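# Coordinate analysis (summary)
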Amino acid sequence: ERLAKAHGSQCGFCTPGFVMSMYALLRSSKHPPTEEQIEDSLAGNLCRCTGYRPIIDAFRVFAKTDDSLYTASPSENANGQAICPSTGKPCSCRNETDVNANESSTLSSVKVYLPCSYNEIDGNSYSEKELIFPPELQLRKFMPLKLNGFNGIRWYRPLKLEQLLYLRSCYPDAKLIIGNSEVGVETKFKNAQYKVMISVTHVPELHTLKVEEHGLHIGSAVRLAQLQKFLKNVIAERGSHETSSCHAILRQLKWFAGTQIRNVASVGGNICTASPISDLNPLWMATGANFQIIDVNNNVRTTAAKDFFLGYRKVDLKADEILLSVILPWTRPYEYVKEFKQAHRREDDIALVNAGMRMHITEAEGNWIVSDVSIVYGGVAVVPLTAAKTEKFLVGKKLDDGLLDETFNLLKEDIPLAENAPGGMVEFRSSLTLSFFFKFFLYVTHEMNIKGLRKVGLDAANMSAIQSYTRPVSIGTQGYESVGQGTAVGQPMVHMSAMLQVTGEAEYVDDTPTPPNNLHAALVLSKKAHARILSIDDSVAKCSPGFAGVFLSKDVPGSNHIGPIIHDEEVFASDVVTCVGQIIGIVVADTHDNAKAAANKVNIEYSELPAILSISEAVKAGSFHPNTTRCLSNGDVEQCFASNTCDKIIEGEIRVGGQEHFYMEPQCTFVWPVDSGNEIHMISSTQAPQKHQKYVANALGLPLSKVVCKTKRIGGGFGGKETRSAIFAAAASVASYCLRRPVKIVLDRDVDMITTGQRHSFLGKYKLGFTNDGKIQALDLEIYNNGGNSLDLSLAVLERAVFHSENVYAIPNIRVSGKVCFTNFPSNTAFRGFGGPQGMLIAENWIHHMATELKRSPEEIKELNFQSEGTELYYGQLLKNCTMHSVWDELKASCNILEARKAVNVFNSENRWRKRGIAMVPTKFGISFTAKFMNQAGALVQVYTDGTVLVTHGGVEMGQGLHTKIAQVAASSLDIPLSCVFISETSTDKVPNASPTAASASSDLYGAAVLDACQQIKARMEPIASRGNHKSFAELAQACYMERVDLSAHGFYITPDIGFDWIAGKGSPFNYFTYGAAFAEVEIDTLTGDFHTRTADIVMDLGYSINPAIDIGQIEGAFIQGLGWAAMEELKWGDDNHKWIRPGYLFTCGPGSYKIPSVNDIPLNFKVSLLKGVPNPRAIHSSKAVGEPPFFLASAILFAIKDAIAAARAEEGHLDWFPLDNPATPERIRMACVDSITKKFASVYYRPKLSV
Ligand SMILES: Cc1cc2nc3c(=O)[nH]c(=O)nc-3n(C[C@H](O)[C@H](O)[C@H](O)COP(=O)(O)OP(=O)(O)OC[C@H]3O[C@@H](n4cnc5c(N)ncnc54)[C@H](O)[C@@H]3O)c2cc1C
Ligand code: FES
């Protein structure tokens, strides 16, 4: 309930998972958890909609221990801010104030909410109503188990070691299972099959956790979470010199997976998996741990951890042996152990490189020398690698700075990485190996200083290399003005489905009950990037269990040619495949697993053709989609460059990476024939039911009137379900229609990511001329986007990028030309922002480049060149009601940019290896579909005699709160409470010909259409209402019914005064613009590339928001999704840059390798506020569109990172401009922070490889 009310559920698909994680934490802790524990416990859950802030805020209520603290009145600090009696932090315990209505306003009431903060939640309203663990289960005695599964699988659960050893002797090939976190992945995703499995979770001897004279005895089945707890106690009880290893393991466990995995995963499971990137194995080796191994005859032998790992996932265990326990020795006085790990994402990610290092210092002839050292790296070879030459060199040496250079050279020899080593990032990973050692060296030096073993201490600046990252709890504040209009509009209403979502009762496509004759579908996909299909053999598939049918291009009853704009795609590839993952056929069977198994048995022979695998290859080969060149200009660029108007001319190139949508609910459709195929109906997870209707009708040769698509809600879309979802509906409908049976298709995550296309990657090449006083004179820009193997929406994406290429800057002479590249990748598609962010990112790059050239702050240069009210944009549209300056000024005041700059400069001067950076980024986002005909909307409003109202409109609810806002519009219009309005679903048979729910414009379009319908009904009711003899709306509705008044109306809306002529290159493509600006402050670790966002401060103009809570949710969610795009999420394709991936394949095709932001990536201080008193005259109830505009603002983080990197480069004397492609991942950050380490592997201007 708290989660729903705190607006912590948008699409709701992730919500039950968060609820269960919170519940698990509460159930398993004796005391109320701390706020840190709450954030930690959620780190294994992902949400793509909310940006996490409202989820954390909702759950903070459980961290409260003393409700009386919250009933006390707040005190004030020196600034007059209220101070919470509980936390001692500023808060808004007194946050709600009513103010009088603005007299000039036509609105009925104006309610102002001051910024609210997390501690406003009232802990009193929560009582403990815990379900107890069923006593009969608690009392139940454990029994040894033997279970038989499908296909002869056997599962044993012994309770004693002797039983386990006996089973092992009977089944030497049996798989032992503890947490199943590794074996589960092998069986589910890698087709591994184990006939006999032995769960060793209940064998007491494997659960030993003992403190012994020489160290710790840790049973192999001990869970990692148990080990964490145990180590904490040991550290508290033992002398610090004994527990350096314990500290290192404990710190490493903090970054090992997430809480859910640590709760089940075991020590032995991690060791015996022998993964090259295991986080613990390098540490066991470095600490000198020993492994005890027992055989089936009860013989125990001991082997050193460093001798245990023999090869790729191969360990020193014979078939009749198992790992019994680990013996971890105490450290000695002056012996230091340290752990290292760098991953894409700090939390819940596997290492790119990790390490364990140990050094023992002893005194010899008055000197402190290295007597013993161990340096082991993970992630650099098939087994953890010991730096043997380095170790040998260091022994006997005195620890001083002179050692470093030689050590680095030896490490380079010890840890060689071939140019095409699996995993890539060779320069980065090599740099990390040295960086880790450098940190270790400083750490030991510092420890020696503390002990007084060295005369000279570690200087303050170098201390920054060894401070570990600790994350305080994050704080969010939201400021908005609530302008009430009628009964509902303007109020921060809770998402109408939220209560169903938090209880897990909300239904998605896959929850739809299926009839008994239902079939499940799996796709037959291309395995080649470009090839001719020579033959397709489905004979083996046909004999597969549960098989019901296989359908190929020849089986399509209607047309096999489809596409959202031009029909350049096929439902099933007929002759040639143009990407890996292209659909060649569909197999249906009785279960999802059987369908997948049968689909895998369809054998296809290909003859390979040359493939184009990047924008640059496409440009070189002239490989563009037909008729996709776009060029807009104003002024005379050539003349300006040739004249002496420009004091300086700069040129540059920026690459913008793609982004996976990663909606939580994968693509799915359930389709069934009606009247033996005379009609086809479907329920789909899509943003465009009308496109599903069209694709299916087209593929089956049916009229549109006989095909119905319904969508109740979808678990996220973000553009990925605008066009790409329809092809799966078409494919499934062929099977359903031909067999006259219902068919459900739900894509696995990897299939979804491989087949559905992503945000377009872009390449931008610019030439910019400007004056010495900072005025832009001319811009010549070429942009290319990677369209993939079909046109889809790529041209419209390019066009939006072209329109947004000036961002908010006035440029007297400008030419922007663009082309859509044809490449052999799955067709790229719409994604929040639709090309706008890419165009603006390129713009922010050239303006930052210009500021560097002029040695002035980017903020200053930006301001100097701002467009303003009345500016004619280069494509002819006039700026009206421009609020850019107000937004910018409010942000500047809020973030106190000058003070922030001073503080950052001070920090940077005191810290050599950690740097902070800041940036402010503006945005102006055009609202409307750029295709004029799409800016139309229909709605159906039905009033029933009990006074309730059913609204149906063409828009889809995908978490963005569209239905809630539309219902608010209807409620205010009819002057009834919101609870009387219901929106059930979107359906093509209720509202026809709807545009996709996209372009941020759905509230504007459907709100206006619904308002139109309500007004029609109100007009019809008016004669009866004017009699004044009804007490309620229900009575009025009943009276109208008795008088035979039509209580149902169809509403319609078109956006006025828009249109663009591409031939003339002029027009007004947008109805209006949404403005915003963001400030970010980040801190980076220059030695590893790790970063975190300290502050994000966002100001946006959303007019009079229809629902400020939902709009703020959109801003926060878009910003965090944008953070993923700008700094975390990298798609790695098999291309020329990534030769270790098969050509055309997507390596990052699941959450294991593709990292979206998690709860611990959000800014520590996350402020969002809406500009006040700015009604928008161009949209419903003076509101503004919000879905896409905030996304780009997250680039403030990228530019703040760049600012921090610039400070690091300055330390090495590099003050000039340097390129930083997006995303600014740890790899790009580390390699840009040039120092003596990176210079050993790459040049000063090295740009890490990127698939674009
Ligand atoms: C989401 C996710 C995140 C992860 N993150 C990380 C991470 O950050 N760092 C990291 O290092 N790993 C990570 N892993 C990998 C994995 O979780 C760990 O390796 C874990 O410790 C395995 O333990 P388990 O008990 O689940 O193993 P299981 O899957 O139960 O077993 C793994 C293997 O060990 C063998 N085995 C188990 N016990 C014995 C024994 N006593 N004797 C002989 N063989 C035995 C099994 O037969 C099996 O082959 C992650 C995995 C997932 C799914
Ligand atoms: S609400 Fe979390 S994924 Fe949609």
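Remember, predicted model here, so these are calculated numbers, not experimental data.

### Here's the deal with the overall build of the protein chain
Within the protein chain one finds 36 helices and 48 strands. In terms of overall dimensions, the protein chain is globule-like: its C-alpha atoms have a radius of gyration of 32 Å, near the 33 Å expected for 1252 residues. In terms of principal-axis extent, the alpha carbons of the protein chain reach across some 105 × 75 × 75 Å. For the protein chain, the residues scored as buried account for 62% of the 1252 residues in total. Of the roughly 46,400 Å² of accessible surface on the protein chain, 52% is carried by carbon and sulfur atoms. For the protein chain, the separation between the mean place of its 122 positive charges and that of its 132 negative charges on side chains is 3 Å.

### Brief notes about the pattern of salt bridges
Inspection of the entire model under this criterion finds 67 salt bridges. Of the charged contacts in the structure, one is a salt bridge between E608 and K528, with a shortest N-O distance of 3.4 Å. On the criterion of sequence distance, the pair formed by E608 in strand β28 (residues 603–608) and K528 in the loop between β21 (519–525) and β22 (531–537) is long-range, its members being 80 residues apart. Via salt bridges that share partners, E35, E39, R53, D57, R60, R471 and E1116 belong to a single interconnected network.

### Focus on the sheet that holds strand β26 (residues 576–577)
By definition, the strands of a sheet pair up through backbone hydrogen bonds, in either a parallel or an antiparallel sense. Spatial ordering of the open sheet is given by β26-β22-β28, a layout of three strands whose pairing is antiparallel. In the strand order of this sheet, the two ends are held by β26 and β28, each with one partner. In this sheet, β28 lies alongside β22 in antiparallel orientation, the contact comprising six bridges. The residue of β28 that forms the bridge with I533 is Y606.

### Description of the site of ligand 1
Within the structure, ligand 1 sits among 27 residues, and L176, I178, G179, S181 and S266 are positioned closest to it. Here D279 contributes a side-chain N or O atom positioned 2.8 Å from a nitrogen atom of ligand 1. The protein chains hide 89% of the 990 Å² of surface that ligand 1 would expose on its own. At the level of secondary structure, the elements contributing two or more residues to the shell around ligand 1 comprise β7 (175–177), α12 (267–273) and β15 (321–329). The leading source of residues in the shell around ligand 1 is α12, at four residues. Residues that form the shell around ligand 1 fall into these classes: 12 nonpolar, nine polar and six charged.

### Comments concerning the UniProt feature "binding site: substrate" (unreviewed entry) in the protein chain
Under the present numbering, the feature "binding site: substrate" (unreviewed entry) in UniProt falls on E722, R800, F834 and T930. Its location among the elements puts F834 in the loop between β37 (813–822) and α27 (836–854). Dropping the residues within four chain positions of it, F834 is found in contact with E722, R759, L793, A796, V797, R800 and E1188. For T930, a relative accessible area of 21% translates into the label partly exposed.

### Thoughts on the confidence of the model for the protein chain
Atomic detail in the predicted coordinates should be set aside for any region of low pLDDT. Overall, the predicted model of the protein chain reaches an average pLDDT of 94, with 95% of residues at or above 70. The model gives residues 65–72 a pLDDT under 50, and that stretch makes 11 contacts with residues more than four places away or in other chains. Low pLDDT, under 50, characterises residues 91–127; the predicted model gives this stretch 85 contacts beyond four residues in sequence or across chains.

### Details of the nonpolar core
For soluble globular proteins, nonpolar side chains are generally found buried alongside one another. Among the nonpolar cores identified, the biggest contains 196 residues, and W846, F1119 and I1201 are the most heavily contacted of them. Looking at this core element by element, the count peaks at 10 residues for helix α34 (residues 1108–1128). L403, F408, Y443 and M463 belong to the second largest nonpolar core, which has 48 residues in total.

### Digging into the sheet that holds strand β17 (residues 351–364)
One open sheet accounts for four strands, arranged β16-β17-β18-β19; its pairing is antiparallel. Edge positions in the open sheet fall to β16 (335–343) and β19 (385–386), since each of these has one partner strand only. Where β16 meets β17, nine bridges bridge the pair, whose relative direction is antiparallel. Residue pairing in the sheet places A343 in a bridge with A351 of β17.

### Some details on the pairing of strand β39 (residues 936–943)
Of all eight residues making up β39, seven are buried, and the element is well covered by its neighbours. Looking at chain direction, β39 and strand β43 (residues 1048–1054) are connected through seven bridges and run antiparallel. Note that in β43 the partner of A937 across the bridge is Y1053. Examined bridge by bridge, β39 and strand β40 (residues 949–953) share five bridges and lie antiparallel to one another. Counterpart to Q942 in the pairing with β40 is L950. As consecutive antiparallel partners, β39 and β40 are separated by five residues, and within that stretch G947 has a phi angle of approximately 85 degrees, a positive value.

### Notes on the packing of aromatic side chains
In total, this model carries 36 aromatic pairs according to the counting rule given. Put simply, the rings of F803, Y874, Y875, F1060, W1062, F1070, F1073 and Y1075 touch in pairs and so form one group of aromatic residues. In this arrangement the basic side chain of K819 is found over the ring face of F624, its NZ or CZ atom lying 5.2 Å from the centre. A cation sits over an aromatic face here: K924 above F1073, 5.2 Å from the ring centre.

### Section: empty space enclosed by the protein
Counted by the stated rule, this structure contains six cavities of 30 Å³ or more. One number sums up the size of the largest cavity: a volume of about 140 Å³. Tallied by class, residues from the lining of the largest cavity come to six nonpolar, seven polar and four charged. If you add up the space inside the second largest cavity, you get close to 120 Å³. In terms of lining, the second largest cavity is formed by 16 residues, of which the most central are R346, F1091, H1092, M1128 and D1161.

### A short note on the UniProt feature "binding site: [2Fe-2S] cluster" (unreviewed entry) in the protein chain
Taking the numbering used here, the UniProt-annotated feature "binding site: [2Fe-2S] cluster" (unreviewed entry) corresponds to C11, C14, C47 and C49. Spanning 39 residues, the named residues nonetheless gather at one spot, since no C-alpha pair among them exceeds 9.4 Å. Its location among the elements puts C47 in the loop between α3 (35–41) and α4 (53–59). Residue C47 is classed as buried on the basis of its relative accessible area, which comes to 4%. When neighbours within four sequence positions are excluded, C47 is seen to be in contact with C14, F18, Y52, I55, M664 and I1156. Within the secondary structure, C49 is located in the loop between α3 and α4. With relative accessibility at 5%, the residue C49 sits in the buried group. Leaving out residues up to four positions away in the same chain, C49 has contacts with Q10, C11, F718, G1113 and G1117.

### Re the packing of helix α32 (residues 1002–1025) against helix α33 (residues 1033–1042)
Relative to each other, α32 and α33 sit at 95 degrees, their axes nearing to 10 Å. One element, α32, and the other, α33, form an angle in the roughly perpendicular class. The residues of α33 that touch α32, namely those facing M1021, I1024 and A1025, are F1033, L1036, A1037, A1039 and C1040. Looking at the contact of α32 with α33, its residues break down into eight nonpolar, no polar and no charged.

### Looking at the packing of helix α15 (residues 403–414) against helix α16 (residues 426–450)
One way to put it is that α15 packs onto α16 with a least axis distance of 10 Å and a crossing angle of 145 degrees. The way α15 lies across α16 gives a crossing that is right-handed. In this structure, α15 contributes L404, T407, F408, L411 and K412 to the contact, and α16 contributes T433, L434, F437, F438 and F441.

### Remarks on the environment of G1173
Counting through the fold element by element, G1173 comes out in the loop between β48 (1165–1170) and α35 (1195–1211). Between the alpha carbons of G1173 and F1070 there is a distance of 22 Å; along the sequence they are 103 residues apart.

### Describing the environment of I1237
Positionally, I1237 belongs in the segment after α36 (1226–1232). Using a relative accessible area of 3% as the deciding quantity, one classes I1237 as buried. Each C-alpha atom, one on I1237 and one on L432, is 8.7 Å from the other, the two residues being 805 residues apart in sequence. Once residues lying within four places of it in the same chain are set aside, the contact partners of I1237 are F408, S431, L434, S435, F438, L1087 and R1230.

### Some thoughts on unusual backbone geometry
A cis amide bond, omega 5 degrees, links N1222 with the succeeding residue P1223. Here P1223 lies in the loop between α35 and α36. Look at S1182: it is not a glycine, yet its phi comes out positive at around 60 degrees. Note on S1182: relative accessible area 21%, which makes it partly exposed.

### A closer look at the side chain of E335
For E335, the position within the fold is in strand β16. Discounting residues that sit within four places of it in the chain, E335 has contacts with S244, W330, R358, M359 and H360.

### Quick notes on α35
The end-to-end C-alpha distance of α35, which contains 17 residues, comes to 25 Å, matching closely the 24 Å that a straight helix rising 1.5 Å per residue would cover. Counting buried residues in α35 gives 13 out of 17 residues, a clear majority hidden from the surface. After α35 finishes, the residue G1213 shows a positive phi value of roughly 85 degrees.

Rules used throughout
Residues numbered from 1 in each chain as written. Chains lettered and ligands numbered in written order. Predicted model: local features only at pLDDT ≥ 70, side-chain atom pairs only at ≥ 80, totals over all residues. Heavy atoms only, no water. Helix = DSSP H or I, 4+ residues; strand = E, 2+ residues; numbered from the N terminus. Rg over C-alpha atoms; globule rule 2.2 N^0.38 Å. Buried < 20%, exposed > 50% of the residue type's maximum accessible area, 1.4 Å probe, protein only. Areas by Shrake-Rupley, 256 points an atom, 1.4 Å probe, with all protein chains shown as cover. Lys, Arg positive; Asp, Glu negative; His and termini not counted. Charge placed at Lys NZ, Arg CZ, Asp CG, Glu CD. Salt bridge = Lys/Arg side-chain N within 4 Å of Asp/Glu carboxyl O. Pairing = 2+ DSSP bridges. Near = heavy atom within 4 Å. Polar contact = N/O pair within 3.5 Å; in protein donor to acceptor, adjacent residues only side chain to side chain. Nonpolar A, V, L, I, M, F, W, Y, C, P; charged D, E, K, R; others polar. UniProt positions renumbered as here; feature names shortened; annotations may be inferred. Contact = heavy atoms within 4.5 Å. pLDDT = per-residue confidence, 0-100. Core = buried A, V, L, I, M, F, W, Y, C linked by side-chain atoms within 4.5 Å. Phe/Tyr/Trp six-rings, centres within 6.5 Å; stacked < 30°, edge-to-face > 60°. Lys NZ or Arg CZ within 6 Å of the ring centre and 35° of its normal. 1 Å grid on protein atoms, 1.4 Å probe; cavity = no way out; pocket = protein on both sides within 12 Å on 5 of 7 lines; lining within 4 Å. Points joined across faces, edges and corners; volume = space filled by probe spheres on them. Axes fitted to C-alpha atoms, helices over the stretch in contact; angles between N-to-C directions. Parallel < 35°, antiparallel > 145°, perpendicular 65-115°, else oblique. Left-handed = near helix turned anticlockwise from the far one by under 90°. Expected span 1.5 Å × (residues − 1).

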